[in-house]
Amino acid sequence: MQLSIDNKELDKFLMIGDKVLVKPTNPQGKTKSGLLLPPSVQEGEKLQTGYVIKTGPGLPLPPHTDEDETWKKKDDNVSYLPLQAKNGDLAIYLQNAGFEVIINDEKYLILPHSSILMLVRDRTLFE
(Lines give C-alpha, C1' and ligand atoms only; values in the text may rest on other atoms or scores of the structure.)
Protein backbone atom coordinates (compact mmCIF):
# COMPACT_ATOMS: atom_id res chain seq x y z
CA MET A 1 0.00 0.00 0.00
CA GLN A 2 1.37 3.41 -0.92
CA LEU A 3 0.25 6.79 0.36
CA SER A 4 1.52 10.14 -0.85
CA ILE A 5 1.30 12.82 1.82
CA ASP A 6 3.55 15.45 3.37
CA ASN A 7 5.47 14.51 6.51
CA LYS A 8 3.95 17.51 8.27
CA GLU A 9 0.57 15.86 7.82
CA LEU A 10 1.68 12.71 9.65
CA ASP A 11 -0.03 14.15 12.76
CA LYS A 12 -3.38 13.68 11.04
CA PHE A 13 -2.96 9.90 11.16
CA LEU A 14 -4.76 8.21 14.03
CA MET A 15 -3.68 4.76 15.08
CA ILE A 16 -6.55 2.51 16.11
CA GLY A 17 -6.64 0.40 19.28
CA ASP A 18 -3.33 -1.31 20.04
CA LYS A 19 -1.67 -0.50 16.69
CA VAL A 20 1.75 1.17 16.56
CA LEU A 21 3.37 3.03 13.63
CA VAL A 22 7.08 2.19 13.45
CA LYS A 23 9.82 3.58 11.19
CA PRO A 24 12.30 0.71 10.69
CA THR A 25 15.99 1.39 11.20
CA ASN A 26 18.40 0.40 8.46
CA PRO A 27 19.50 -3.21 8.91
CA GLN A 28 23.16 -3.97 9.21
CA GLY A 29 24.61 -4.70 5.79
CA LYS A 30 27.80 -6.33 7.09
CA THR A 31 28.74 -9.17 9.38
CA LYS A 32 31.18 -8.65 12.25
CA SER A 33 33.99 -9.93 10.04
CA GLY A 34 33.15 -7.38 7.31
CA LEU A 35 31.30 -9.54 4.76
CA LEU A 36 28.51 -7.74 2.89
CA LEU A 37 25.07 -9.34 3.28
CA PRO A 38 22.67 -9.48 0.33
CA PRO A 39 19.19 -7.94 0.85
CA SER A 40 17.55 -11.39 0.86
CA VAL A 41 19.55 -12.37 3.97
CA GLN A 42 18.82 -9.05 5.69
CA GLU A 43 15.08 -9.42 5.07
CA GLY A 44 15.17 -12.99 6.40
CA GLU A 45 15.88 -11.82 9.94
CA LYS A 46 13.03 -12.60 12.33
CA LEU A 47 13.67 -9.63 14.63
CA GLN A 48 13.91 -6.03 13.46
CA THR A 49 14.29 -2.66 15.15
CA GLY A 50 12.57 0.64 14.51
CA TYR A 51 11.46 3.86 16.15
CA VAL A 52 7.91 4.28 17.38
CA ILE A 53 6.32 7.21 15.53
CA LYS A 54 2.70 7.01 16.72
CA THR A 55 0.66 4.77 19.00
CA GLY A 56 -3.03 4.02 19.32
CA PRO A 57 -5.02 4.73 22.49
CA GLY A 58 -4.69 1.16 23.75
CA LEU A 59 -7.01 -1.76 24.33
CA PRO A 60 -10.66 -0.81 24.95
CA LEU A 61 -11.98 -1.86 28.33
CA PRO A 62 -15.57 -2.95 28.93
CA PRO A 63 -17.75 -0.37 30.68
CA HIS A 64 -17.89 -0.64 34.43
CA THR A 65 -21.45 -0.76 35.77
CA ASP A 66 -22.90 -1.88 39.07
CA GLU A 67 -26.25 -2.77 37.57
CA ASP A 68 -27.20 -6.32 36.74
CA GLU A 69 -28.81 -5.35 33.45
CA THR A 70 -26.24 -3.40 31.46
CA TRP A 71 -28.59 -2.99 28.51
CA LYS A 72 -30.66 -0.41 30.45
CA LYS A 73 -27.86 2.12 30.63
CA LYS A 74 -25.82 3.18 27.63
CA ASP A 75 -22.43 4.67 28.40
CA ASP A 76 -20.62 6.35 25.51
CA ASN A 77 -17.45 6.94 27.51
CA VAL A 78 -14.90 4.39 26.40
CA SER A 79 -11.86 3.78 28.55
CA TYR A 80 -8.62 2.25 27.29
CA LEU A 81 -5.78 0.28 28.80
CA PRO A 82 -2.79 2.36 27.63
CA LEU A 83 0.10 0.88 25.66
CA GLN A 84 3.65 0.63 26.97
CA ALA A 85 5.15 1.96 23.73
CA LYS A 86 5.64 5.74 23.56
CA ASN A 87 6.65 7.99 20.67
CA GLY A 88 10.42 7.92 20.18
CA ASP A 89 11.01 4.50 21.76
CA LEU A 90 13.26 2.05 19.96
CA ALA A 91 11.21 -1.10 19.41
CA ILE A 92 12.48 -4.63 18.80
CA TYR A 93 9.66 -6.45 17.03
CA LEU A 94 8.77 -9.52 15.00
CA GLN A 95 9.22 -8.57 11.35
CA ASN A 96 6.45 -10.71 9.87
CA ALA A 97 3.77 -9.31 12.19
CA GLY A 98 3.50 -5.90 10.53
CA PHE A 99 1.96 -4.31 7.46
CA GLU A 100 4.21 -2.16 5.31
CA VAL A 101 3.04 1.34 4.37
CA ILE A 102 5.08 3.72 2.20
CA ILE A 103 4.59 7.42 2.94
CA ASN A 104 6.57 9.92 0.84
CA ASP A 105 8.92 7.16 -0.35
CA GLU A 106 9.73 6.15 3.24
CA LYS A 107 8.89 2.73 4.65
CA TYR A 108 6.78 2.46 7.81
CA LEU A 109 5.21 -0.54 9.51
CA ILE A 110 1.87 -0.83 11.27
CA LEU A 111 2.33 -3.35 14.07
CA PRO A 112 0.07 -4.75 16.74
CA HIS A 113 1.46 -3.91 20.17
CA SER A 114 1.73 -7.62 20.96
CA SER A 115 4.40 -8.09 18.25
CA ILE A 116 6.80 -5.73 20.07
CA LEU A 117 9.15 -7.82 22.19
CA MET A 118 11.22 -5.08 23.83
CA LEU A 119 11.39 -1.28 24.05
CA VAL A 120 14.45 0.90 24.62
CA ARG A 121 13.51 4.26 26.12
CA ASP A 122 16.75 6.25 26.20
CA ARG A 123 16.12 9.97 25.79
CA THR A 124 19.85 10.67 25.39
CA LEU A 125 19.73 8.94 21.97
CA PHE A 126 17.87 11.95 20.57
CA GLU A 127 20.06 14.71 21.99
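Just so it is clear, the structure is predicted and the values come from calculations on it, not from any experiment.

A short note on the overall build of the chain
Here comes step 1: Helices and strands together make up the secondary structure of the chain, namely one helix and nine strands.
Here comes step 2: In the chain, the succession of α and β elements from N to C terminus is β-β-α-β-β-β-β-β-β-β.
Here comes step 3: For the chain, the residues scored as buried account for 26% of the 127 residues in total.
Here comes step 4: Long-range contacts, defined as pairs at least 24 residues apart, comprise 75% of the intrachain contacts of the chain with a sequence gap of at least 6.
Here comes step 5: Entry remark: accessible area of the chain is about 9500 Å², with carbon and sulfur atoms responsible for 54%.

Observations regarding the nonpolar core
Here comes step 1: In this structure, V20, V22, V52, L83, A85, A91, Y93, L109, L111 and I116 together form the largest nonpolar core, which totals ten residues.
Here comes step 2: Those elements that provide at least two residues to this core are β2 (19-24), β6 (90-94) and β8 (106-112).
Here comes step 3: Every residue in contact with L83, bar those within four places of it in the chain, is listed here: G17, D18, K19, V20, T55, G56, G58 and H113.

Looking at the environment of G98
Here comes step 1: Position of G98 relative to the elements: it lies in the loop between β6 and β7 (99-103).
Here comes step 2: Each C-alpha atom of the pair G98 and Y108 lies 9.4 Å from the other, and the pair is ten residues apart in sequence.
Here comes step 3: Ignoring sequence-local partners within four residues, the contact set of G98 consists of I110 and L111.

Quick word on the packing of aromatic side chains
Here comes step 1: For the structure on display, the rule yields zero aromatic pairs.
Here comes step 2: Looking at K23, its charged tip hangs above the ring of Y108, at a distance of 5.3 Å from the centre.

So, a nonpolar patch on the surface
Here comes step 1: Together, L47, L94, L117 and M118 give the surface a local cluster of nonpolar side chains, amounting to about 370 Å² of exposed area.
Here comes step 2: Topologically, L117 is positioned in strand β9 (residues 116-120).
Here comes step 3: You can call L117 exposed: its relative accessible area is 52%.

Notes on the pattern of salt bridges
Here comes step 1: This model, assessed by the stated rule, comprises four salt bridges.
Here comes step 2: Two residues, K19 and D18, come together in a salt bridge whose shortest N-O distance is 3.1 Å.
Here comes step 3: For K19, a relative accessible area of 32% translates into the label partly exposed.
Here comes step 4: Of the charged contacts in the structure, one is a salt bridge between K23 and E106, with a shortest N-O distance of 2.5 Å.

Here we look at the pairing of β7
Here comes step 1: Strand direction decides the pairing type here: β7 and β8, joined by five bridges, are antiparallel. Bridging from a neighbouring strand, I102 pairs with K107 of β8.

Structural notes on the pairing of strand β3 (residues 47-55)
Here comes step 1: Where β2 and β3 come together, five bridges link them in antiparallel fashion. Following the sheet pairing, K23 is matched in β3 by Y51.
Here comes step 2: Note that β3 and β6 share five bridges and pair antiparallel. Following the sheet pairing, Q48 is matched in β6 by Y93.

About the criteria used
- Within each chain, residues carry numbers counting from 1 in the order of the written sequence.
- Local features are withheld for residues below a pLDDT of 70 in this predicted model, meaning they are given only at 70 or higher, and side-chain atom pairs are given and counted only at 80 or more; totals for whole chains, interfaces and linings count all residues.
- Hydrogens and water molecules were not included; the side-chain quantities draw on all heavy atoms of the structure.
- Each helix is a run of DSSP H or I of at least 4 residues and each strand a run of E of at least 2, with the numbering of both proceeding from the N terminus.
- Only protein chains enter the calculation, and the probe is 1.4 Å; a residue is then buried if its accessible area is under 20% of its type maximum, exposed if over 50%, and partly exposed in between.
- Residue contacts are counted whenever heavy atoms from the two residues lie within 4.5 Å of one another.
- For the accessible areas, the method is Shrake-Rupley and the probe is 1.4 Å, while residue cover comes only from the protein chains on display.
- Put simply, a nonpolar core is a bunch of buried Ala, Val, Leu, Ile, Met, Phe, Trp, Tyr and Cys residues held in one set by side-chain atoms that sit within 4.5 Å of each other.
- Between the rings of Phe, Tyr and Trp (Trp by its six-membered ring), a pair exists once the centres lie within 6.5 Å; its type follows the angle of the planes, with under 30 degrees stacked, over 60 edge-to-face, and the other angles tilted.
- Any Lys NZ or Arg CZ that is within 6 Å of a ring centre and within 35 degrees of that ring's normal is treated as a charge sitting over the ring.
- Residues enter a patch when their relative accessible area is above 30% and they make no salt bridge; the linking distance is 9 Å between like charges and 5 Å between nonpolar side chains (Val, Leu, Ile, Met, Phe, Trp, Tyr).
- Each reported salt bridge corresponds to a side-chain nitrogen of Lys or Arg within 4 Å of a carboxyl oxygen of Asp or Glu.
- For two strands to pair, DSSP has to find at least two bridges joining them.

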